[in-house]
Amino acid sequence: MTHSNVSHVGFLVPDLLEGMARISRALGISFLPPLDQEIAVLEEGGQSAPGHIRLTWSIEGPPHIELIEGQVSGLYAYHGIDRAFHHLGGFTESHDESLSHFSSLGIRMEACQREPDGTIIASYSEPHDLFGIRYEHIAPGRRADIEKWLSGEPWS
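Fair warning: this is a prediction, and the values are worked out from it, not measured in the lab.

1. A closer look at the pairing of strand 4 (residues 64–69)
- The buried fraction of strand 4 is high, at five of six residues.
- Pairing of strand 1 (residues 8–13) with strand 4 involves six bridges; the strand directions are parallel. In the sheet register, Val-9 faces strand 4, and the bridge partner there is Ile-65.
- Where strand 3 (residues 47–57) hands over to strand 4, the hairpin turn is made up of six residues, of which Gly-61 adopts a positive phi near 145°.

2. Points about the side chain of His-8
- Among the structural elements, His-8 can be located in strand 1.
- Polar contacts involving the side chain of His-8 include one to the side chain of Ser-7, which spans 2.9 Å.
- Residues within four places of His-8 in sequence aside, it is in contact with Trp-57, Pro-63, His-64, Glu-66, His-87, Leu-88, Gly-89, Gly-90, Glu-136 and Ile-138.

3. Looking at the pattern of salt bridges
- Here the structure, examined in full by the defined rule, presents eight salt bridges.
- One salt bridge connects Arg-54 with Glu-69, and the closest N-O pair in it is separated by 3.5 Å. In this pair, Arg-54 is assigned in strand 3 and Glu-69 in strand 4, connecting sequence segments 15 residues apart.
- In this structure Arg-54 comes out as partly exposed when scored by relative accessible area, which is 22%.
- With a closest N to O distance of 3.0 Å, Arg-143 and Glu-147 form a salt bridge. One end of the pair is Arg-143 and the other is Glu-147, both in helix 3 (residues 143–150) and four residues apart, which spans about a single turn.
- What makes Glu-147 partly exposed here is its relative accessible area of 43%.
- Among the charged side chains, a network of salt bridges with common partners joins Asp-36, Arg-54 and Glu-69.

What counts and how
- In this convention, every chain numbers its residues from 1, walking through the sequence in written order.
- Totals for whole chains, interfaces and linings use every residue, but because this is a predicted model, local features are given only for residues with pLDDT of at least 70 and side-chain atom pairs only at 80 or more, for both listing and counting.
- The side-chain values count all of the structure's non-hydrogen atoms but skip hydrogen atoms and water molecules.
- Relative accessibility under 20% of the residue-type maximum defines a buried residue, over 50% an exposed one, and the middle range a partly exposed one, all with a 1.4 Å probe and only protein chains included.
- Every helix listed is a DSSP run of H or I at least four residues long, and every strand listed is a run of E at least two residues long, numbered separately from the N terminus.
- Note on pairing: DSSP must find at least two bridges between two strands before they are called paired.
- For this analysis, a polar contact is any N or O atom pair within 3.5 Å, provided that within protein one partner can donate a hydrogen and the other can accept it, and provided that sequence-adjacent residues contribute only side-chain to side-chain pairs.
- Contacts are residue-level and defined by heavy atoms, with any inter-residue pair within 4.5 Å sufficient.
- Salt bridge criterion: a side-chain nitrogen from Lys or Arg within 4 Å of a carboxyl oxygen from Asp or Glu.

Here it is as structure tokens:
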């Protein structure tokens, strides 16, 4: 299957720097410098709009720990520590095949990140369709960028 890997586990935190520091001290995990990522098109809830996400990944892994600074509403809304788990994520060899496989199991897509030209960056499955687990399908073209970032190169 093209979606069977888990490269990272994503968690929402109310403040990224505080989350990084506290988790580093408690668990001995080190994190990359925070990344502010503009999302050209974030599709969710039948709407499309630009988005922004602030995140980091642990250096240790896989699976890596991804921390995402929570937002007030939407896909990245932080609802407190009892709901801090956000997603399991992995790279797909074929985004279309991965989504087709999930669809064949009755698992719908909740949201999708796209480049300005419409190219898919990542998509998220509907958590209610998979026992509360949201899965992030990272498009094949993003793997090299993430691996460079994890090796210490600046995000491109």
